[in-house]
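# Per-entry structural report
Each chain, letter by letter, is given below.
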Amino acid sequence: MSGKIDPMHQFAIEPLFGTDHLALGGFNIAFTNSALYMVAAAVVLWIFVIGGSKRELVPGRWQAAVEYFTTFISSLLLANVGEGGKKYIPYVFSLFMFILLANFLGMLPLGVVGLHPFTFTSHFTATGVLAILSFSIVLIVGFWKHGFHFFSLFIPHGTPLPMIPVIFPIELISFMVRPFSLGLRLFVAMTAGHVLLKVLAGFVINSSNAGVGYGLTVGTASFILMIGISALEMLVAVIQAYVFALLTSVYINDAENLH
Amino acid sequence: MDAEAAKVLGAGLAAIGAGIAALGVGNVFAAFLEGALRNPGAADGQQGRLFIGFAAAELLGLLAFVIAMILVFVA
């Protein structure tokens, strides 16, 4: 009676528009649903910023929205990095908005019209690349600005001499796992939420199939829970984008100012 | 014990980690709220630190989830 509903199927990457065997230098470069949603996020961000860049003296609603986000990011960088943080505003703003839009585009109820929404931030390949991007900016800026003095980052100020051989490897390891924890956090938070929603959706379908009584009790309760979890997921989508931007700016602070 | 059963049991045990991370995240916000109500003027300036603490506590719960997923789907 009850079918098994696979909550992981929503993360399957499929080639679209018959580009299954498109290859470049031996690698498959098929245009997938993941790529489609990345393009969608970039296009929506582009339209959002272009529409708000009219530089009117009295901003309209759209311009006020864009200015709200840019002010938010610039104050974030000012608080965490200081004056030297201004040159990172474009990067952190793009990063924050791209992740935010990706999280939200993946949550659109497109399933109602038969499309399959896809959240590419629920894949470690996508979030890992964003994390590596942030981490390489930290490395490049750190070594460019401070040279080999950058290694003093791994010895906190005032460490007693006998403690240095112990502290240095610990700090080095905690520095090296940063890109993993940065990418992993976003990927797992999005995956966990979507799996939870699909599991609850499975409860609704299976209980309705089992009979009217089950459908009205278990199904309705699960559906109400789903609505609440969806609201929570929107909060998580914003928080995770914010945390990614925040941690990036904290790491940039290390590169820019050392300790 | 059957290997398949051990995997599922391990995934269930990993869920305890996710629950304990909930305690950690609750602690972060509780302590922030406690401090913020004592000194509301300083609260807004500390939101960055609040979310760094939240992210650090949450990560360990997410790692527990990853371990459960690896046990169920990969191992």
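This report concerns the structure included in the present document. (Residues numbered from 1 in each chain as written. Chains lettered and ligands numbered in written order. Predicted model: local features only at pLDDT ≥ 70, side-chain atom pairs only at ≥ 80, totals over all residues.)

### Considering the interface of chain B and chain A
Each side of the interface is counted separately: chain B has nine residues, and chain A has 14 residues. Here the residues of the side of chain B that touches chain A are counted per class, giving eight nonpolar, one polar and no charged. (Contact = placed C-beta atoms within 7 Å. Nonpolar A, V, L, I, M, F, W, Y, C, P; charged D, E, K, R; others polar.)

### Some words on the nonpolar core
All names here are of chain A. Ranked by size, the top nonpolar core spans 47 residues in total, and within it Val 92, Phe 96, Ile 99, Ala 241, Phe 244 and Ala 245 carry the most contacts. When residues of this core are assigned to their parent elements, the largest contribution, eleven residues, is made by helix α7 (residues 212–257). Each residue touching Val 92, except ones within four places of it in the same chain, is listed here: Ile 73, Leu 77, Ala 245, Thr 248 and Ser 249. (Core = buried A, V, L, I, M, F, W, Y, C linked by C-beta atoms within 7 Å. Buried ≥ 20, exposed ≤ 12 C-beta atoms within 10 Å, placed from the backbone. Helix = DSSP H or I, 4+ residues; strand = E, 2+ residues; numbered from the N terminus.)

### Re the environment of Ser 208 of chain A
All names here are of chain A. On the secondary structure map, Ser 208 appears in helix α6 (residues 178–210). According to the C-beta neighbour criterion, Ser 208 is partly exposed, with 18 such atoms within 10 Å. Not counting residues within four places of it along the chain, the set of residues in contact with Ser 208 comprises Gly 215 and Gly 219.

### Remarks on the packing of helix α4 (residues 124–146) of chain A against α7 of chain A
All names here are of chain A. Two numbers describe how α4 lies on α7: the axes approach to 8 Å, and their chain directions differ by 15°. Judged by the angle between their axes, α4 and α7 are roughly parallel. For the pair α4 and α7, the crossing hand works out as right-handed. Between α4 and α7, the contacting residues are Ser 134, Ile 137, Val 138, Val 141 and Gly 142 on the first element and Thr 248, Tyr 251, Ile 252, Asp 254, Ala 255 and Glu 256 on the second. Classifying every residue of the contact of α4 with α7 by side-chain character gives six nonpolar, three polar and two charged. (Axes fitted to C-alpha atoms, helices over the stretch in contact; angles between N-to-C directions. Parallel < 35°, antiparallel > 145°, perpendicular 65-115°, else oblique. Left-handed = near helix turned anticlockwise from the far one by under 90°.)

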